[in-house]
Number of protein chains: 2
Amino acid sequence: MDNSIKVKFDKIDRKILEILQANAKITNAQLSKDIGLSPAPTLERVKKLEQSGIIKSYHAKLDPEKIGLGVSTFVLVGLIGHNKANIDAFMKEIDQIPEVIECHHITGTGDFILKIISKDINSYQKLMLEQVSEIKEVDSMQSMVILSTFKDSKVLPIPA
Amino acid sequence: MDNSIKVKFDKIDRKILEILQANAKITNAQLSKDIGLSPAPTLERVKKLEQSGIIKSYHAKLDPEKIGLGVSTFVLVGLIGHNKANIDAFMKEIDQIPEVIECHHITGTGDFILKIISKDINSYQKLMLEQVSEIKEVDSMQSMVILSTFKDSKVLPIPA
DNA sequence: ATTTGTACCACATATAATTCGGTAAATTCT
DNA sequence: AGAATTTACCGAATTATATGTGGTACAAAT
């Protein structure tokens, strides 16, 4: 288990992190210019940030509409019980549904919030009826359909 | 304005998209092996996917805990009015708050759902009191604090 | 059947990443 | 404070990777 202890990094590292969050495809040469170092130590810093786990991975961001994914939703899910066994069973099922791209345990209204993406309303309904609501630990579900997305930043605000 | 019309792509393109979503740092040489083509046409396909807008961008994913971001939340926000002017004004303010990393217009419970990330509960409270609730279009706010994240996939389920 | 276009490969070249040896600055230890 | 040690840096050589080119086979269209 990786216990996510905070790791040290300086002002230059922070700048690297900001740049790589916004544009992971930048060349090391350009990155080194942007931060004011030569390529060698720049690369060293990036490698260290990767090894320390501050940088976890790199991902291509796609346009959902262009690949035929027209419906995105948030779903508040209430479980029938709150014990660890139930939660584990629920998560195991959720893990196997690729349309569920996020699952968070939350305080407040529901127990969990899911982010789901699918082709259209029909396939969304089918997914919910035949997969999500079939999970026996699921009690209640409340869907919020995304009408439009105004902001979807991949850049976290790194504290000073 | 880019109107996100669906664009054509075949089985090989789909595989490329799946791979690049999961790991944007793969070399073109390795990618070409994985999909069973030589490097030249592989690169050509990737470039086309970028030019067509199917691939929008590339991003480094960080570990929030390791950079001192311990509190993530979803916030349901109700506005005082639903007209376009109000929504635009609200969005303009939201855009300037880097801690708000997502903002979606939704059906259901509230009008908008935000995803917010901050250092700790104190700075979260400060952010909400001094910035978000100060936006004059904001009527109601309901916070859901994320206790833990079980799934956070960067891979969209591309329809067949 | 011929043409036209598309997708592919192998190979050559250009660009970029990575490694290495050495130096200066910062930190630790006595 | 001064010596020893570590850390971070640079420039240059090397290696790896991306990119460009010419030619070929296949598919679709005329």
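Residues numbered from 1 in each chain as written. Chains lettered and ligands numbered in written order. Predicted model: local features only at pLDDT ≥ 70, side-chain atom pairs only at ≥ 80, totals over all residues. Heavy atoms only, no water.

1. Some words on the protein's contact with DNA strand C
Now for step 1: Taken together, 13 residues surround DNA strand C, and among them N28(A), L43(A), S38(B), P41(B) and R45(B) come closest.
Now for step 2: Put simply, 83% of the atoms of DNA strand C that lie within 4 Å of the protein are in sugar or phosphate.
Now for step 3: Contact between DNA strand C and R45(B): a phosphate oxygen at 2.8 Å from a side-chain N or O atom of the residue.
Now for step 4: Note that a phosphate oxygen of DNA strand C is positioned 3.3 Å from one of the side-chain N or O atoms of K48(B).
Now for step 5: The element that contributes the greatest number of residues to the surface near DNA strand C is helix α3 (residues 39–51) of chain B, accounting for 4 residues.
Now for step 6: Its residues assigned to classes, the surface near DNA strand C comprises 7 nonpolar, 3 polar and 3 charged. (Near = heavy atom within 4 Å. Polar contact = N/O pair within 3.5 Å; in protein donor to acceptor, adjacent residues only side chain to side chain. Helix = DSSP H or I, 4+ residues; strand = E, 2+ residues; numbered from the N terminus. Nonpolar A, V, L, I, M, F, W, Y, C, P; charged D, E, K, R; others polar.)

2. A short note on the domain arrangement of chain A
Now for step 1: As far as domains go, chain A holds domain 1 (11–51) and domain 2 (65–145).
Now for step 2: For domain 1 of chain A and domain 2 of chain A, the distance between their C-alpha centroids amounts to 37 Å. (Domains from an automatic or database assignment.)

3. Description of the protein's contact with DNA strand D
Now for step 1: Every residue lining DNA strand D is accounted for by L37(A), S38(A), A40(A), P41(A), R45(A), K48(A), T27(B), N28(B), A29(B), A40(B), L43(B) and K47(B).
Now for step 2: Within 4 Å of the protein, the contacting atoms of DNA strand D are 83% sugar and phosphate, with bases supplying the remainder.
Now for step 3: Side-chain polar atom of K48(A) to a phosphate oxygen of DNA strand D: 3.0 Å apart, as the coordinates give it.
Now for step 4: Backbone polar atom of A29(B) to a phosphate oxygen of DNA strand D: 3.2 Å apart, as the coordinates give it.
Now for step 5: Of all elements in the fold, only α3 (39–51) of chain A together with α2 (28–35) and α3 of chain B reach the threshold of two or more residues within the surface near DNA strand D.
Now for step 6: With 4 residues, α3(A) is the largest single contributor of residues to the surface near DNA strand D.

4. Re the interface of chain B and chain A
Now for step 1: Facing 72 residues of chain B, the contacting portion of chain A comprises 72 residues.
Now for step 2: Counting each side, the surface lost to burial between chain B and chain A is near 6800 Å², with a carbon and sulfur contribution of 62%.
Now for step 3: Taken as a group, H59(B), K66(B) and K151(B) account for 13% of the area that chain B buries against chain A, more than any other trio of residues on that side.
Now for step 4: Remark: the boundary between chain B and chain A carries 2 salt bridges.
Now for step 5: Put simply, E102(B) and K115(A) hold a salt bridge, and the shortest N to O gap is 3.2 Å. (Contact = heavy atoms within 4.5 Å. Buried area = accessible area lost by both parts, 1.4 Å probe. Salt bridge = Lys/Arg side-chain N within 4 Å of Asp/Glu carboxyl O.)

5. Quick notes on the nonpolar core
Now for step 1: In this structure, L17(A), L20(A), I67(A), L17(B), L20(B) and I67(B) are the most contacted members of the largest nonpolar core, which totals 44 residues.
Now for step 2: Going through the elements one at a time, α1 (11–22), α2 (28–35), α3 and β1 (55–62) of chain A together with α1 (11–22), α2, α3 and β1 (55–62) of chain B are the ones with two or more residues in this core.
Now for step 3: Those residues within four positions of L20(B) in sequence are excluded, and the remaining contacts are H59(A), A60(A), I26(B), L31(B), V46(B), I55(B) and Y58(B). (Core = buried A, V, L, I, M, F, W, Y, C linked by side-chain atoms within 4.5 Å. Buried < 20%, exposed > 50% of the residue type's maximum accessible area, 1.4 Å probe, protein only.)

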